[in-house]
Amino acid sequence: MIWVGQAMPVSRRYQGFTLLEVLLAAVIGAFILLVALVAFRTVTVSRDELQIYSDLQARGQAIYRQMQKDLAGFYRSNQPEQMKIVCETVQYNNRPADRLLFYRINDPVINQQNNVSGDLFEIEYGLVGVSENQVYLGRRAAPVTKADDGNDRGVVTRLAEGVIALAFEFYDGRTWQHGWNSEINIPSMVRLNMVLTDREGKIELPFSHEFSLEPIPAIESDKIES
């Protein structure tokens, strides 16, 4: 019989966990820690990928804005043969990519940034290979004295790194087609298609935008020699 207030035996009052219970708790704790680490890693990777996608999207938007400015100033002449827009496919590092060339009217911003002057410019967009694995999208601007002659020189601006594919499509009022030569006529719309990638080449982002060249009616220009 145990009287009220009588102390319990020491072996009963301070009985600890068994080895099995300790091992089970350790396993459960390790499992919870592993799940937490995996979740943390997933969140970190997702956040990094979202940042990369955001950077690539911003890069594409910057290219779009520059092309929009250039095509908004597309040169229209009362002499159709002097208007120029040409697209051809060339090879960059053993892979095909488009090269777009057209005329645009003078813009003070272009003069200031590229330190060139003139009323008419030849604008070219294309991939430029620095090395086998390093390619960037370049924009060339060159002043043109005679629309018939063009100018294959000028200043090249590096617009964006990591452009691994570049193609243009043109709308003739009925269908979209690849490749264009202004000797036929002037398209009503231009579509830019490209693929951007991060520095490690692990993430690729397709990017596409359309630009309108309408209205196409010619304008008078007494600044260009025929």
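What counts, and where the lines are drawn
- Residues numbered from 1 in each chain as written.
- Predicted model: local features only at pLDDT ≥ 70, side-chain atom pairs only at ≥ 80, totals over all residues.
- Heavy atoms only, no water.
- Pairing = 2+ DSSP bridges.
- Helix = DSSP H or I, 4+ residues; strand = E, 2+ residues; numbered from the N terminus.
- Axes fitted to C-alpha atoms, helices over the stretch in contact; angles between N-to-C directions.
- Salt bridge = Lys/Arg side-chain N within 4 Å of Asp/Glu carboxyl O.
- Buried < 20%, exposed > 50% of the residue type's maximum accessible area, 1.4 Å probe, protein only.
- Contact = heavy atoms within 4.5 Å.

Visitor: Explain the sheet that holds strand 5 (residues 155-161) to me, please; I cannot follow it from the model alone.
Guide: Sheet strands line up and pair through hydrogen bonds in the backbone, either parallel or antiparallel. Spatial strand order, 5-4-3-2-1-8: six strands in an open sheet with antiparallel pairing. Each end of this open sheet is capped by a strand with a single partner; those strands are strand 5 and strand 8 (180-181).

Visitor: Sorry if this is basic, but what is going on with the sheet that holds strand 9 (residues 189-197) here?
Guide: The four strands are arranged 7-6-9-10 in an open sheet whose pairing can be described as antiparallel. Each edge of the open sheet is held by one strand with a lone partner, namely strand 7 (176-178) and strand 10 (204-212). If you compare each strand with its neighbour and ignore which way they point, the axes differ by 25° on average. Two elements, strand 9 and strand 10, share nine bridges in a ladder whose sense is antiparallel. Along strand 10, the bridge assignment pairs Thr197 with Glu204.

Visitor: In this structure, what is going on with the pattern of salt bridges? I would like to understand it.
Guide: Close approach of charged atoms allows side chains with opposite charge to pair. For the coordinates displayed, the defined rule picks out ten salt bridges. A salt bridge links Lys84 to Glu122, with the nearest nitrogen and oxygen atoms 3.6 Å apart. Here Glu122 lies in strand 3 (residues 120-129) and Lys84 lies in the loop between helix 2 (19-72) and strand 1 (85-92), a separation of 38 residues in the sequence. A residue is classified by how much of its surface remains accessible, and Lys84, at 23% relative accessible area, is partly exposed. With its nearest N and O atoms 2.8 Å apart, the salt bridge here joins Glu210 to Arg191. One end of the pair, Glu210, is in strand 10; the other, Arg191, is in strand 9, and 19 residues separate them in sequence. Under the relative-accessibility criterion, Glu210 is labelled partly exposed at 37%. Ionic contacts of the salt-bridge type, sharing partners, join the residues Lys84, Glu88, Arg99, Glu122, Glu124 and Arg140 into one network.

Visitor: Honestly, the environment of Leu137 in this entry has me stumped. Any pointers?
Guide: Checked against the element boundaries, Leu137 lands in strand 4 (residues 135-143). In this structure, the C-alpha to C-alpha distance between Leu137 and Gly126, residues eleven residues apart in sequence, is 5.8 Å. Filtering out sequence-adjacent residues up to four positions away, Leu137 remains in contact with Ile63, Gly126, Leu127, Thr157, Arg158, Leu159, Ala160, Val163 and Leu166.

Everything listed here is a matter of coordinates, which is why it stays silent on function.
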